[in-house]
Amino acid sequence: MDKYENNIYKAKGKARRVGIMGGTFNPIHHGHLVTAQEALSQFNLDLVIFIPTADPPHKTDGSIASMEDRYLMTVIATASNNDFFVSRIEINRKGKSYTIDTVRGLRSVYGKEVSLYFITGADAILEILTWKNTEEIISLAKFIAATRPGYNLAKIEDLKAKLFKNKREGDDKIFIMEVPALAISSTDIRNRVRQKRPIDYLVPEEISHYIIKHGLYK
Ligand code: ATP
Ligand code: MG
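Basis of the calculations
- Residues numbered from 1 in each chain as written.
- Chains lettered and ligands numbered in written order.
- Predicted model: local features only at pLDDT ≥ 70, side-chain atom pairs only at ≥ 80, totals over all residues.
- Heavy atoms only, no water.
- Helix = DSSP H or I, 4+ residues; strand = E, 2+ residues; numbered from the N terminus.
- Buried < 20%, exposed > 50% of the residue type's maximum accessible area, 1.4 Å probe, protein only.
- Contact = heavy atoms within 4.5 Å.
- Areas by Shrake-Rupley, 256 points an atom, 1.4 Å probe, with all protein chains shown as cover.
- Axes fitted to C-alpha atoms, helices over the stretch in contact; angles between N-to-C directions.
- Parallel < 35°, antiparallel > 145°, perpendicular 65-115°, else oblique.
- Left-handed = near helix turned anticlockwise from the far one by under 90°.
- Nonpolar A, V, L, I, M, F, W, Y, C, P; charged D, E, K, R; others polar.
- Polar contact = N/O pair within 3.5 Å; in protein donor to acceptor, adjacent residues only side chain to side chain.
- Core = buried A, V, L, I, M, F, W, Y, C linked by side-chain atoms within 4.5 Å.
- Phe/Tyr/Trp six-rings, centres within 6.5 Å; stacked < 30°, edge-to-face > 60°.
- Lys NZ or Arg CZ within 6 Å of the ring centre and 35° of its normal.
- Pairing = 2+ DSSP bridges.
- Right-handed = clockwise from strand over helix to strand, strands pointing away.
- pLDDT = per-residue confidence, 0-100.
- Expected span 1.5 Å × (residues − 1).

Points about the overall build of the protein chain
And step 1. Within the protein chain, the regular secondary structure consists of 11 helices and 6 strands.
And step 2. Scored against the burial criterion, the 218 residues of the protein chain give a buried share of 50%.
And step 3. Once local pairs closer than 6 in sequence are excluded, the contacts in the protein chain between residues at least 24 apart make up 77%.
And step 4. Summing over all exposed atoms, the protein chain offers an accessible surface of approximately 11,300 Å²; the carbon and sulfur share of this is 50%.

Shown next as structure tokens:
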């Protein structure tokens, strides 16, 4: 366990229900924050750990801020929330991030007693089938799929039917959570910065200052 993970563990040493929000966070925005907060409350989590990716396998469009900038923005955006933490577990590992390695790492930090809840957008959870070691991931963690109200759940139900023998098992592993702020995306924020359009209220104020100060996404 490295120093950073140790600090998170100590801060919430008695944690039993841990939310995990992985992402590029390029940049982090209010959609991520609202989703984490909603998961914390709906699922009675003790904390949510944000995990910025090092070198995301699925994103290669060149407009990615450095991992230290993304990490720092994530720290800044979550600093005022006592239940939000940021992990360097993927950044320190370097190279491509695979969910299985992160889940195994968190399991070894938190032990068997803790329930790990992966919080993702509904679309991201559908990619689970393209991840390595799907079965092992599912045996180690549960999933909270954030959807916007009115989202068509058919694809998620299909996925559950494919992965689990019976519906009860699936319903205990993959949960749907409606979140109102889902239209916000980092892609839109980067485009807005490039086009000199406002990003106020889409990201925390400190994040728009950080982006300007460091000349990101121009
Ligand atoms: P990009 O536009 O570059 O793909 P993004 O806004 O989707 O970025 P990511 O860092 O890719 O942000 O997302 C991290 C996690 O947060 C993923 O699980 C994603 O599905 C989820 N997510 C992204 N945007 C939202 C949002 N507005 N509301 C809830 N969850 C979101
Ligand atoms: Mg995305």
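Observations concerning the packing of helix H3 (residues 67–78) against helix H11 (residues 205–213)
And step 1. Between H3 and H11, the least distance of the axes is 9 Å, while the angle of their chain directions is 155°. With respect to H11, the element H3 is oriented roughly antiparallel. In this structure, H3 meets H11 at a crossing whose hand is right-handed. Only Glu 206, Ile 207, Tyr 210 and Ile 211 of H11 make contact with H3, whose side of the interface consists of Asp 69, Leu 72, Met 73, Ile 76 and Ala 77.
And step 2. Each residue belonging to the contact of H3 with H11 can be placed in one class, and the counts come to 7 nonpolar, no polar and 2 charged.

Quick notes on the side chain of Ser 87
And step 1. In this structure, Ser 87 sits in the loop between strand S3 (84–86) and helix H4 (89–93).
And step 2. A distance of 3.0 Å separates a polar side-chain atom of Ser 87 from the backbone nitrogen of Ile 89.

Focus: the nonpolar core
One recurring pattern in soluble globular proteins is that nonpolar side chains are buried together.
And step 1. Among the nonpolar cores identified, the biggest contains 37 residues, and Ile 28, Leu 45, Val 48, Phe 50, Met 73 and Ile 211 are the most heavily contacted of them.
And step 2. If we ignore the near neighbours within four places in the chain, the residues touching Val 48 are Gly 19, Met 21, Ala 36, Leu 40, Asp 83, Phe 84, Phe 85 and Ile 119.
And step 3. Counting 29 residues, the second-largest nonpolar core is a separate cluster that includes Val 18, Phe 85, Tyr 110 and Ile 156.

Examining the packing of aromatic side chains
And step 1. Under the counting rule described, the total for this entry stands at 6 aromatic pairs.
And step 2. A ring pair is formed by Phe 43 and Tyr 117, whose centres lie 6.1 Å apart and whose planes are at 45°; its orientation type is tilted. Of this pair, Phe 43 sits in the loop between helix H2 (30–42) and strand S2 (47–52) while Tyr 117 sits in strand S4 (residues 115–121); the two residues are 74 residues apart in sequence, bridging distant segments of the chain.
And step 3. Accessibility expressed as a relative area gives 4% for Tyr 117, which makes it buried.
And step 4. Through a chain of ring-to-ring contacts, three or more aromatic side chains come together here, namely Phe 25, Phe 50 and Phe 84.
And step 5. The lysine or arginine in question, Arg 88, covers the ring of Tyr 71, its NZ or CZ lying 4.6 Å from the ring centre.

Examining the pairing of strand S1 (residues 17–23)
And step 1. Of all 7 residues in S1, 5 are buried, a share of seventy percent or more.
And step 2. The pairing of S1 with S4 spans 4 bridges and is parallel. Along S4, the bridge assignment pairs Val 18 with Leu 116.
And step 3. Note: S1 against S2, 6 bridges, orientation parallel. Paired with Gly 23 across the strands is Pro 52, a residue of S2.
And step 4. Note that the unit made of S1, H2 and S2 has a crossover that is right-handed.

Observations regarding the confidence of the model for the protein chain
And step 1. Summarising the model, the protein chain shows a mean pLDDT of 87, and 89% of its residues fall at 70 or more.
And step 2. Within the protein chain, the element-level pLDDT minimum falls on helix H1 (residues 3–11), averaging 67, and the maximum on H11, averaging 97.

As for H3
And step 1. The end-to-end C-alpha distance of H3, which contains 12 residues, comes to 16 Å, matching closely the 16 Å that a straight helix rising 1.5 Å per residue would cover.
And step 2. Taken together, the buried positions of H3 are occupied by Asp 69, Arg 70, Tyr 71, Met 73, Thr 74, Ala 77 and Thr 78.

Observations regarding helix H5 (residues 99–110)
And step 1. For H5, with 12 residues, the first-to-last C-alpha span of 16 Å sits near the 16 Å given by 1.5 Å per residue.
And step 2. Judged by how many residues are buried, H5 sits mostly within the fold: 9 of 12 residues are covered.
And step 3. Thr 99, Ile 100, Thr 102, Val 103, Gly 105, Leu 106, Arg 107, Val 109 and Tyr 110 are the residues of H5 that are buried.
And step 4. Note on H5: the residue one or two positions beyond its end, Gly 111, has a positive phi of about 80°.

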